[in-house]
Amino acid sequence: MSLPSIRPWTWLKITVGLTYVFMLAPILVTIVVSFNAGTRSVFPPEGWSLRWWYEAFSPEWQSAIYLTLGLSSTTAVLCTVVGLPLAFGLVRHRFPGRKLLILLVLGPLLLPTLATGIGLLQVFHWTGIFETVGFGSLLVGHVVISLPFAVRTISVSLLGLPANVEAAAASLGANRIQIFWQIILPLIRNGLVAGALFAFIHSFTDVNLSLFLSGPAAAPITVKILGFLEFGFAPTLAALSAISLIIPLLVVLAVQRTTRLGDFVYAPKQP
Amino acid sequence: MLQSSLSVTGATGTGADAPALVLKGVGKSYGPHWAVRDLDIAVEQGEFVTLLGPSGCGKTTTLSIIAGFVEPDAGTILLRGKPLVGLPPFKRGIGVVFQDYALFPHMSVAQNVGYGLRARRIPRPEIDARVEQMLELVRLGGLGSRSPQALSGGQRQRVALARALVINPEFLLLDEPLSNLDLKLREEMRLEVVRLQRQLSVPTIFVTHDQSEALAMSNRIVVMNDGRVEQIGSPKDIYETPANRFVAQFIGSMNLISATVVEAVAAGATGLVQFADGSRVSIPFRTGSQAGRQVSVAVRPERCAVVRQTPKSDGTAALAATVTHLVYLGSKVEIHLELAAGGVAVVESVGGTVDDFEAGQRVAFLASPQDCTALPD
């Protein structure tokens with residue numbers, strides 16, 4: 001083989017390698033640090049211990065993790081339930097105000113979450129629907145910022161439905177309800193699952209919006225970690241970071257076994 | 001049994017011989033444009049009728065209106081005397097086979113075929129038995145557990161047919177179901193579709209833009225153009241006595257030679273026409289005409305002949321012509337002519353050889369008057 005034909009591949013390999021190093025190395029360092037025996041977060045560790053993991057599973061941190069899990073799962077379910085009819089309307093129908101609705105649904109994707117957070121905080125304050133900060137307002141906020149992901153993936157799967165299958169089912173005697181449950185829903189299942197998953201991850205990892213909407217009684221793990229950081233980077237935080245990394249990862253791996261997520265990550269079509 | 005209920009006249013009878021399907025004055029407009037207009041079509045019991053026309057002629061719209069996917073803006077549709085307009089597709093009991101087959105990708109072949117029966121809440125054992133029977137009928141026995149994606153194009157086609165037929169539809173609609181198959185398979189499936197249709201005696205409308213499909217498969221053909229019916233008739237009628245220039249040129253190829261009507265002639269009678277070079281011939285008229293009107297004398301290329309010298313007048317239409325070029329097609333030769341009376345003509349010579357004529361040669365173009373038809377311009 002001649003040199004010129006090797007070189008581009010070599011460079012590509014180096015680039016990919018560096019990308020992995022910069023993406024994964026900090027994560028690995030964090031995980032290693034969480035097993036440090038010393039009281040300071042240093043690398044390499046000054047011995048091995050599980051004490052920080054015991055610390056991370058203390059009742060206080062546990063409740064924050066459960067709250068986050070509850071918040072993210074509820075957000076995922078609500079986003080799917082609200083996103084399905086929204087995607088249907090936007091993909092299948094042309095009505096006055098459709099453009100505005102698209103803007104409203106996808107808007108939070110374009111706006112800084114910070115702006116959304118401040119806006120929501122003011123709305124809650126004025127209307128008094130929810131206690132200004134707490135689980136209720138967190139949930140509303142997370143649904144607003146995670147909805148675009150659900151609507152987009154569900155729209156993509158609706159657009160990808162094979163032509164005429166609904167007409168075929170209708171000609172065979174299926175009414176609208178039967179067509180929805182027996183034909184449409186099974187065929188957009190991947191999109192629904194992917195949409196729920198993206199909403200879950202987006203909600204689970206959010207810190208910007210949660211900063212504004214969480215209260216003392218209801219603070220997701222990300223906000224708690226941020227608060228704890230003011231007292232320095234204790235190895236407990238390394239363990240907590242590892243936990244908040246592993247949970248979404250496990251969910252993705254579990255879903256990946258049954259659903260082709262790649263279709264929605266790499267080939268998004270415009271709704 | 002089939003022949004007795006067949007009609008080639010297209011009359012919309014009543015009583016025992018009532019047609020299976022009647023379209024009366026059906027129209028559909030999109031804005032100012034009429035996709036179809038003033039459709040009057042009747043399909044007899046057990047009959048196989050083809051809607052034939054160029055793309056955009058409204059044939060698929062007509063099919064969608066019958067299936068109930070599109071609501072017409074005008075007219076009535078009767079299926080065995082029962083009005084269909086306003087009835088949703090799932091209550092019509094009409095089987096539809098789509099161009100892309102529209103099989104359900106998340107179901108096995110057997111589940112696809114059984115879908116219509118499940119939607120009707122028929123008991124499971126009966127569904128299984130009928131699906132099995134239908135798969136045998138379309139020669140897919142034993143493939144019920146396969147996924148549609150694992151089948152060839154021809155096999156998918158059979159699944160789509162089985163799925164539409166297993167519900168014992170009162171009517172069958174086929175939307176260009178053969179156009180996605182390669183040539184050899186398409187010709188095979190033509191026979192297969194006709195065999196099934198005859199065997200089950202289900203009245204059928206078949207949509208195609210392929211004239212050879214239409215001629216080979218149909219009891220009757222409805223030629224459509226620009227949203228309207230141009231002619232309804234048996235394949236032989238359509239080919240041999242086209243109603244107008246559009247039908248004449250859309251089906252097969254046709255020589256059209258301008259002439260003037262010499263004296264008034266009634267529809268179906270024989271009348272004298274005169275060509276631009278002064279020669280006259282007496283030919284059948286499909287529609288009546290007044291004297292002095294311009295008409296086109298239509299004659300098929302395979303019904304004409306070319307000779308080196310003009311014969312003595314014996315009633316044969318003979319026109320002076322010059323050979324422009326020859327096209328060798330293996331089994332036949334096309335001789336392209338320029339007529340002294342104006343216009344061009346093509347003659348198909350089977351068994352002739354290219355060497356018989358050469359470009360620039362002066363010849364006579366011959367056609368027997370009973371093979372000619374006068375078409376209004």
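Residues numbered from 1 in each chain as written. Chains lettered and ligands numbered in written order. Predicted model: local features only at pLDDT ≥ 70, side-chain atom pairs only at ≥ 80, totals over all residues. Heavy atoms only, no water.

Next up on the list: the overall build of chain B. For chain B, the count of helices and strands is 9 helices and 20 strands. Taking the intrachain contacts of chain B between residues at least 6 apart in sequence as the baseline, contacts between residues at least 24 apart amount to 65%. When the accessible surface of chain B is summed, it comes to about 16700 Å², and 50% of that surface belongs to carbon and sulfur atoms. Here chain B contributes 36 positive and 37 negative side-chain charges, whose respective centroids are spaced 6 Å apart. (Helix = DSSP H or I, 4+ residues; strand = E, 2+ residues; numbered from the N terminus. Contact = heavy atoms within 4.5 Å. Areas by Shrake-Rupley, 256 points an atom, 1.4 Å probe, with all protein chains shown as cover. Lys, Arg positive; Asp, Glu negative; His and termini not counted. Charge placed at Lys NZ, Arg CZ, Asp CG, Glu CD.)

The subject of this paragraph is helix α12 (residues 235-256) of chain A. Given 3.6 residues to a turn, an α-helix orients residues that are three or four positions apart in the same direction. The end-to-end C-alpha distance of α12(A), which contains 22 residues, comes to 32 Å, matching closely the 32 Å that a straight helix rising 1.5 Å per residue would cover. If you check which residues of α12(A) are buried, you get Pro235(A), Thr236(A), Leu237(A), Ala238(A), Ala239(A), Leu240(A), Ala242(A), Ile243(A), Ser244(A), Ile247(A), Pro248(A) and Val255(A). (Expected span 1.5 Å × (residues − 1). Buried < 20%, exposed > 50% of the residue type's maximum accessible area, 1.4 Å probe, protein only.)

This next bit is on the sheet that holds strand β13 (residues 280-284) of chain B. Residues and elements named next belong to chain B. A sheet is described by the order of its strands in space; here 5 strands give the open sequence β13-β12-β11-β14-β20, paired in antiparallel fashion. Because the sheet does not close on itself, it has two edges, and the strands there are β13 and β20 (373-376). When the angles between neighbouring strand axes are averaged without regard to direction, this sheet yields 50°. Relative to strand β12 (residues 270-274), strand β11 (residues 255-261) runs antiparallel, the two being bridged by 2 bridges. Bridge pairing in β12 links Thr-260 to Gln-274. (Pairing = 2+ DSSP bridges. Axes fitted to C-alpha atoms, helices over the stretch in contact; angles between N-to-C directions.)

So, about the side chain of Arg190(B). Residues and elements named next belong to chain B. Looking at the element boundaries, Arg-190 is found in helix α6 (residues 183-200). Look at Arg-190: it is buried, it has no salt bridge, and the nearest opposite charge is Asp-210 at 4.3 Å. Not counting the four nearest positions on each side in its chain, Arg-190 is found in contact with Leu-178, Asp-210, Ser-212, Glu-213, Ala-216 and Met-217. (Salt bridge = Lys/Arg side-chain N within 4 Å of Asp/Glu carboxyl O.)

Further remarks concern the sheet that holds strand β2 (residues 33-43) of chain B. All names here are of chain B. Taken in spatial order, the 4 strands line up as β2-β1-β4-β5 in an open sheet, and their pairing is antiparallel. Only two strands of the sheet have a single partner each, and these edge strands are β2 and β5 (82-83). Looking at chain direction, strand β1 (residues 21-30) and strand β4 (residues 74-79) are connected through 5 bridges and run antiparallel. Across the sheet, Val-22 pairs through a bridge with Leu-78, a residue of β4.

The geometry of two aromatic rings is summed up by the distance between their centres and the angle between their planes. Tallied over the full model, the rule gives 10 aromatic pairs over all chains. Centroid distance Phe180(A) to Trp181(A): 5.5 Å. Interplanar angle 85°. Geometry classified as edge-to-face. A relative accessible area of 23% places Phe180(A) in the partly exposed class. Aromatic side chains Phe104(B) and Tyr115(B) sit 5.0 Å apart centroid to centroid with 65° between the ring planes, which places their arrangement in the edge-to-face category. (Phe/Tyr/Trp six-rings, centres within 6.5 Å; stacked < 30°, edge-to-face > 60°.)

On the chain A side, the residues contacting the 21 residues of chain B number 18 residues. Between chain B and chain A, the buried area comes to about 1600 Å², and carbon and sulfur atoms account for 67% of it. By the criterion of area lost to chain A, the three top residues of chain B are Phe90(B), His106(B) and Tyr115(B), representing 35% of everything that side buries. Along the contact surface separating chain B from chain A lie 0 salt bridges. (Buried area = accessible area lost by both parts, 1.4 Å probe.)

Moving on, we get to the domain arrangement of chain B. Residues and elements named next belong to chain B. On domain assignment, one finds that chain B holds domain 1 (2-240) and domain 2 (253-376). Using only C-alpha atoms to locate each centre, domain 1 and domain 2 end up separated by 40 Å. Taken together, the contact pairs 4 residues of domain 1 with 5 residues of domain 2. Regarding the contact of domain 1 and domain 2, the summed buried area is about 360 Å², with carbon and sulfur atoms giving 22% of it. A per-residue breakdown of the area domain 1 buries against domain 2 is headed by Gln-231, Tyr-239 and Glu-240, which together make up 96% of the total. (Domains from an automatic or database assignment.)

In this section: helix α11 (residues 221-229) of chain A. Along α11(A), the positions that sit buried rather than exposed are Ile221(A), Thr222(A), Val223(A) and Ile225(A). Against the buried residues of α11(A) lie α3 (59-92), α9 (189-205), α10 (208-213) and α12 of chain A.

The next point concerns the layout of surface pockets. The method is simple in principle: a probe with the dimensions of a water molecule rolls over the atoms, and the space it marks as empty is what remains. Residue and element names in this part refer to chain A. Its boundaries defined by the atoms lining it, the largest pocket holds a volume of some 640 Å³. Lining the largest pocket we find 23 residues, and of these Arg-92, Glu-166, Ala-167, Arg-176 and Ile-179 sit closest to its centre. Of all the secondary structure elements, the ones that give two or more residues to the lining of the largest pocket are α3, α7 (165-171) and α8 (176-187). (1 Å grid on protein atoms, 1.4 Å probe; cavity = no way out; pocket = protein on both sides within 12 Å on 5 of 7 lines; lining within 4 Å. Points joined across faces, edges and corners; volume = space filled by probe spheres on them.)

What follows concerns the pattern of salt bridges. All names here are of chain A. Across all of its chains, the model carries 19 salt bridges over all chains by this definition. Between Arg-92 and Glu-166 there is a salt bridge; the shortest N-O distance is 2.9 Å. Taken together, the residues Arg-92 in helix α3 and Glu-166 in helix α7 connect sequence positions 74 residues apart. Note on Arg-92: relative accessible area 31%, which makes it partly exposed. Given a relative accessible area of 22%, Glu-166 falls into the partly exposed group.

Turning our attention to the state of the cysteines. Scanning the model with the defined rule gives 0 disulfides over all chains in all. The cysteine Cys372(B) is free of any disulfide, with Cys304(B) supplying the nearest cysteine sulfur at 7.1 Å. (Disulfide = S-S within 2.5 Å.)

Residue and element names in this part refer to chain B. One non-glycine residue, Asp-38, adopts positive backbone phi at about 50°. As for its position among the elements, Asp-38 is in strand β2. Among the residues examined, Asp-38 registers a relative accessible area of 47% and is labelled partly exposed. Here Ser-201, not a glycine, exhibits a phi torsion of approximately 50°, which is positive.

Moving on to the pairing of strand β8 (residues 204-208) of chain B. One face of the sheet, then the other: side chains in a regular strand alternate in exactly this way. Residues and elements named next belong to chain B. Of all 5 residues that make up β8, 5 are buried, and the element is covered over most of its length. Where burial is concerned, the two faces of β8 agree: the one with Thr-204, Phe-206 and Thr-208 and the one with Ile-205 and Val-207 are both buried. Bridge analysis of strand β3 (residues 48-52) against β8 gives 5 bridges, and the strand direction is parallel. Looking at the pairing, Thr-50 lines up with Phe-206 of β8. Bridge count between strand β7 (residues 171-175) and β8: 4 bridges; the pairing is parallel. Each bridged residue has a counterpart across the sheet, and for Leu-174 the counterpart in β8 is Phe-206. Note that the unit made of β7, α6 and β8 has a crossover that is right-handed. (Right-handed = clockwise from strand over helix to strand, strands pointing away.)

Another point: the pairing of strand β19 (residues 362-367) of chain B. All names here are of chain B. Taking burial as the measure, the 6 residues of β19 include 5 buried ones, the bulk of the element. Bridge count between strand β15 (residues 304-307) and β19: 4 bridges; the pairing is antiparallel. Among the inter-strand pairings, Ala-305 is bridged to a residue of β19, identified as Leu-366.

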